[in-house]
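# Overview (structure and organization)
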Amino acid sequence: MNSMQELIKQTVIKAGQSLFGVDFPETSIQFQATRKEFDGDITLVVFPLTKLTQSKPEELGEKLGAFLVQEIEALTAFNVVKGFLNLVYTDGFWMKSLEGMVKQPDWGKSPKDSRPRMMVEYSSPNTNKPLHLGHLRNNFLGYSVSQILEAFGHKVTKVQIINDRGIHICKSMYAWLKSGRNETPESTGMKGDKLVGKYYVEFDLQYKAEIKELMATGSSEDEAKQQAPSILAAQEMLRQWEEGNEEVVSLWKKMNQWVYAGFDVTYARMGVSFDKLYFESETYLKGKEEVEKGLANGVFFKKDDGSVWIDLTEEGLDQKAVLRRDGTAMYVTQDIGTAILRFEDYPDTAGQIYTVGNEQEYHFKVLFKILKKLGWTQSDACHHLSYGMVELPEGKMKSREGTVVDADDLMESMATESRLVADEQGKLSDLTEDEKKDTYDIIGMSALKYFLLRVDPKKNMMFNPQESIDFNGNTGPFIQYAYVRTQSILRRAGDFKMESWNGVDINEWERNLIKCLSAYPNAIEEAASKYDPSVVAAFAYELTKTFNSFYQQCSILKEENAALKSLRMELTALSGQCIASSMQLLGIEMPTRM
RNA sequence: GAUCUCGUAGCUCAGUUGGAUAGAGCAUCUGCCUUCUAAGCAGACGGUCAGGGGUUCGAAUCCCUUCGGGAUCACCA
């Protein structure tokens, strides 16, 4: 709620007393944006007040409207449609708002470090296979939420937990040893993550073949799955790894390094980064220690067989195991350890945001409850940023069925697509090859990022690889294009000297644009409180459409009245800045030409 | 079986704590480049908000129910 709405609200309460002798409770005063087919800037819904005043909606609206326009200087007119009182702000009010926006160097953002530290976890891949489309949604979401929280004034620490340990990586290791012929990223020219992923697939093929063979000789499926030689070998490697067997550990290090080098290339192209990395291999023992402590404090209890549990039935959940009977750590155990380690590393952390798929909702409910019971009050500000699957037309992506969309491939094809569109138009023909390549990349990535971020994170979404992602309409490139126009105008303006625009009359396109720009802080606040980048995407799109209409209707450089030209130049500059700023919250860069 | 989630135009998606005639983009069709970048602007077409019931001044939104999609409920991660 902005200060103008607050003023109207107080004046409505005053009207209640002086016109009707009634006290309106604050909750009965409801605002909504005025629909564009009606005249007005803000709408008061009067239905809730009709009972209190024993009057008909239309009459009440008329009375309140007259009262408000008389009392508040910034209101110039009103109209009543059914039970809706539409109020019109004066041009003077809008001019003043514009002055306020221009004065602030970073319009829309809250002061830096005005809110406590939040930790945002995202990406967190396994190290046995390359990143795919689902990881792209994850990374873009996590990075964008970090940017949004920062813009809202939080200190932000971006982290990931790298699942570098476990049976999955041993599978790739085993297959590489068995049939790798000492292949390396250098010898094959493959990205390290792709090479390791290749062996993971190879393992799976071999494993399946063995199962089939065993079942043919009379084993049940379960037996076959447990007794296949390759799985036994992988399990043996995991045991040796835990014992610290030198050969196994050094192979593990070597192959993980390959993967990290590959991931680094992918992250760089994605435009995401991290402030601190946590490795499961370094934190998984911490969880066990914390469970031991909690056991001593009575938070956990031990069953007869030696396994350790927590009872969450009072919280509406079940009993949950936190240590196996052989004393080894489980998935939750590790997450408990990692969370606590982070609170210890950054003691001023108010809460953690976990960007993880929605299939793990139960897991995080459990985790947060456990942290709370262990005495970590930051648990209240922890949040599972849960997002839906990216579905393909044929259903879910399944790595085993080869229906994954590889992250590197997709990013490359977006750049190629953007090159095609640009070459067809020929607008960039005077750029150097390097400059062109950068531009294609920036445009392609914006199409991809915007496509994934404009959708409500919690919903499943559809991606059709056959129909390439659009560059027209509600898309990243559409928004970039408007930005490029603003920059082009500012360039061409040369050394035009700005004048005061005080007292010029504004038309509906100028007014709409100011109105739209003034909503930016609200958009950031809503996005930050909901952890939802799609709010920012919707804002950027709305602003872009409004600017485009303005651009089409009002000539800027050719305007002869210097005061009006100054106003339009200012609007152009501010629109460009605001578009770039909001897109930056989505992790999307702006080209200077396209 | 239990719990959660989703179902809105041919397709992809918006739709605030319940509010006005349910909105965008794509696709299809009409106009607009001798004028600041047409990756644009202006317009047309397109809906039983999955079905049924309820709550009330008022329901896509809240409650119940049926149908349909997805997920979760491991001493897997």
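Note that the coordinates shown come from a computational prediction; the quantities given were computed from them, not determined experimentally.

Secondary structure assignment for chain A yields 21 helices and 14 strands. Overall, the C-alpha framework of chain A stretches about 90 × 65 × 45 Å when taken along its three principal axes. Relative to all contacts within chain A whose residues are 6 or more apart in sequence, the contacts with residues 24 or more apart total 74%. The distance from the centre of the 69 positive side-chain charges to the centre of the 86 negative ones in chain A is 1 Å.

Moving on, we come to the side chain of Arg117. Residue placement: Arg117 occurs in strand S5 (residues 115-121). Side-chain polar atoms of Arg117 contact the side chain of Asp348, separated by 2.8 Å. Ignoring anything within four residues of it in the chain, the contact list for Arg117 reads Lys155, Thr157, Tyr346, Asp348, Thr349, Ala350 and Gly351.

Turning our eyes to something else, we now look at the domain arrangement of chain A. Each assigned domain of chain A is listed here: domain 1 (3-89), domain 2 (166-271) and domain 3 (407-585). Placing the centre of domain 1 and that of domain 2 at their C-alpha centroids yields a distance of 68 Å.

Sheets are built from strands that pair by backbone hydrogen bonding, the pairs being arranged parallel or antiparallel. As summarised here, the arrangement of the five strands in space is S7-S6-S5-S11-S12, forming an open sheet in which the pairing is parallel. The sheet terminates laterally at strand S7 (276-279) and strand S12 (383-387), the two strands that pair on one side only. Across the sheet, the mean angle from the axis of one strand to that of its neighbour is 25 degrees, orientation sign disregarded. Bridge count for S5 against strand S6 (residues 154-162) is six bridges, and the pairing is parallel. If you follow Met118 over to S6, its bridge partner there is Val156. Running over the sheet, helix H5 (residues 133-151) touches S5, S6, strand S11 (349-357) and S12 and is turned about 155 degrees from S6. Contacts from helix H13 (residues 331-345) reach S5, S6, S7 and S11, with the element oriented near 145 degrees to S11.

All right, on to a negative patch on the surface then. The grouping of Asp434, Glu435, Asp438 and Glu589 at the surface amounts to a negative patch. With respect to the helices, strands and loops of the structure, Asp438 is situated in helix H16 (residues 433-453).

Further remarks concern helix H8 (residues 192-216). With 25 residues, H8 extends 37 Å from end C-alpha to end C-alpha; this agrees with the ideal 36 Å at 1.5 Å per step. Taken residue by residue, H8 has Gly192, Asp193, Leu195, Val196, Gly197, Tyr199, Tyr200, Phe203, Asp204, Tyr207, Glu210 and Ile211 as its buried positions. At its buried positions, H8 is contacted by helix H6 (167-179), helix H7 (185-188), helix H9 (221-227), helix H10 (229-243), helix H11 (246-270) and helix H15 (407-425).

To continue, consider the pattern of salt bridges. Throughout the structure, instances matching the rule amount to 32 salt bridges. The closest approach of N and O atoms between Glu290 and Lys293, which form a salt bridge, is 3.3 Å. In this pair, Glu290 and Lys293 are both assigned in helix H12 (residues 280-296), three residues apart and thus about one turn of the helix distant. Look at Lys293 and you get partly exposed, because its relative accessible area is 47%. The structure contains a network of salt bridges with shared partners spanning Lys191, Asp193, Lys194, Asp406 and Asp408.

So, on to the nonpolar core. Residues Ile8 and Leu136 are the most contacted members of the largest nonpolar core, which totals 142 residues. Apart from the residues within four sequence positions on either side, Ile8 is in contact with Phe31, Ile42, Leu68, Ile72, Leu87 and Tyr89. Counting 23 residues, the second-largest nonpolar core is a separate cluster that includes Val291, Ile310, Val322 and Phe364.

Right, let's get into the pairing of strand S4 (residues 84-89). When you tally the buried positions in S4, you get five out of six residues, the bulk of the element. Relative to S4, strand S2 (residues 42-45) is paired through four bridges, and the arrangement is antiparallel. From the neighbouring strand, Ile42 faces S4, where its bridge partner is Leu87. Examined bridge by bridge, strand S3 (residues 75-81) and S4 share six bridges and lie antiparallel to one another. Considered in S4, the bridge of Leu75 is made with Tyr89.

What follows concerns the environment of Lys36. The residue Lys36 is located in the loop between strand S1 (30-32) and S2 in this model. Put simply, Lys36 and Leu571 are 535 residues apart on the chain and 21 Å apart in space, counted from C-alpha to C-alpha.

All right, on to the packing of aromatic side chains then. Taken as a whole, this structure holds 22 aromatic pairs when the rule is applied. With centroids separated by 4.6 Å and ring planes inclined at 70 degrees, the aromatic side chains of Tyr89 and Phe93 adopt a geometry described as edge-to-face. Tyr89 gets classed as buried once you look at its relative accessible area, which sits at 6%. The interplanar angle of 75 degrees and the centroid separation of 5.9 Å between the aromatic rings of Phe451 and Phe463 together place this pair among those described as edge-to-face.

Here H5 spans 27 Å end to end across 19 residues, near enough to the 27 Å set by a 1.5 Å rise per residue. Counting buried residues in H5 gives 18 out of 19 residues, a clear majority hidden from the surface. Note on H5: the residue one or two positions beyond its end, Gly153, has a positive phi of about 110 degrees.

What follows is about the layout of surface pockets. Of the volumes computed, that of the largest pocket is approximately 1800 Å³. Around the largest pocket sit 43 residues that line it, and Asp41, Lys515, Cys516, Ser518 and Ala519 are the ones nearest its centre. Secondary-structure elements contributing two or more residues to the lining of the largest pocket are helix H1 (3-20), S4, helix H4 (91-103), helix H18 (508-517), helix H19 (520-530) and helix H20 (533-553). Residue contributions to the lining of the largest pocket peak at seven residues, all from H20. Looking at the lining of the largest pocket residue by residue, the classes come out as 19 nonpolar, twelve polar and twelve charged. Counting contributing residues, the lining of the largest pocket receives three or more from each of domain 1 (3-89) and domain 3 (407-585). Within this model, the second largest pocket holds a volume of roughly 1100 Å³. In this structure, the second largest pocket is lined by 38 residues; those nearest its centre are Asn126, His132, His135, Glu359 and Gln360. Looking at the lining of the second largest pocket, the elements that each hand over two or more residues are H5, H13 and S11. At four residues, the largest contribution of residues to the lining of the second largest pocket is made by H13. When its residues are assigned to classes, the lining of the second largest pocket shows twelve nonpolar, 18 polar and eight charged.

Rules of the game
- Residues numbered from 1 in each chain as written.
- Chains lettered and ligands numbered in written order.
- Predicted model: local features only at pLDDT ≥ 70, side-chain atom pairs only at ≥ 80, totals over all residues.
- Heavy atoms only, no water.
- Helix = DSSP H or I, 4+ residues; strand = E, 2+ residues; numbered from the N terminus.
- Contact = heavy atoms within 4.5 Å.
- Lys, Arg positive; Asp, Glu negative; His and termini not counted.
- Charge placed at Lys NZ, Arg CZ, Asp CG, Glu CD.
- Polar contact = N/O pair within 3.5 Å; in protein donor to acceptor, adjacent residues only side chain to side chain.
- Domains from an automatic or database assignment.
- Pairing = 2+ DSSP bridges.
- Axes fitted to C-alpha atoms, helices over the stretch in contact; angles between N-to-C directions.
- Patch = residues over 30% accessible without salt bridge, like charges linked within 9 Å, V, L, I, M, F, W, Y side chains within 5 Å.
- Areas by Shrake-Rupley, 256 points an atom, 1.4 Å probe, with all protein chains shown as cover.
- Salt bridge = Lys/Arg side-chain N within 4 Å of Asp/Glu carboxyl O.
- Expected span 1.5 Å × (residues − 1).
- Buried < 20%, exposed > 50% of the residue type's maximum accessible area, 1.4 Å probe, protein only.
- Core = buried A, V, L, I, M, F, W, Y, C linked by side-chain atoms within 4.5 Å.
- Phe/Tyr/Trp six-rings, centres within 6.5 Å; stacked < 30°, edge-to-face > 60°.
- 1 Å grid on protein atoms, 1.4 Å probe; cavity = no way out; pocket = protein on both sides within 12 Å on 5 of 7 lines; lining within 4 Å.
- Points joined across faces, edges and corners; volume = space filled by probe spheres on them.
- Nonpolar A, V, L, I, M, F, W, Y, C, P; charged D, E, K, R; others polar.

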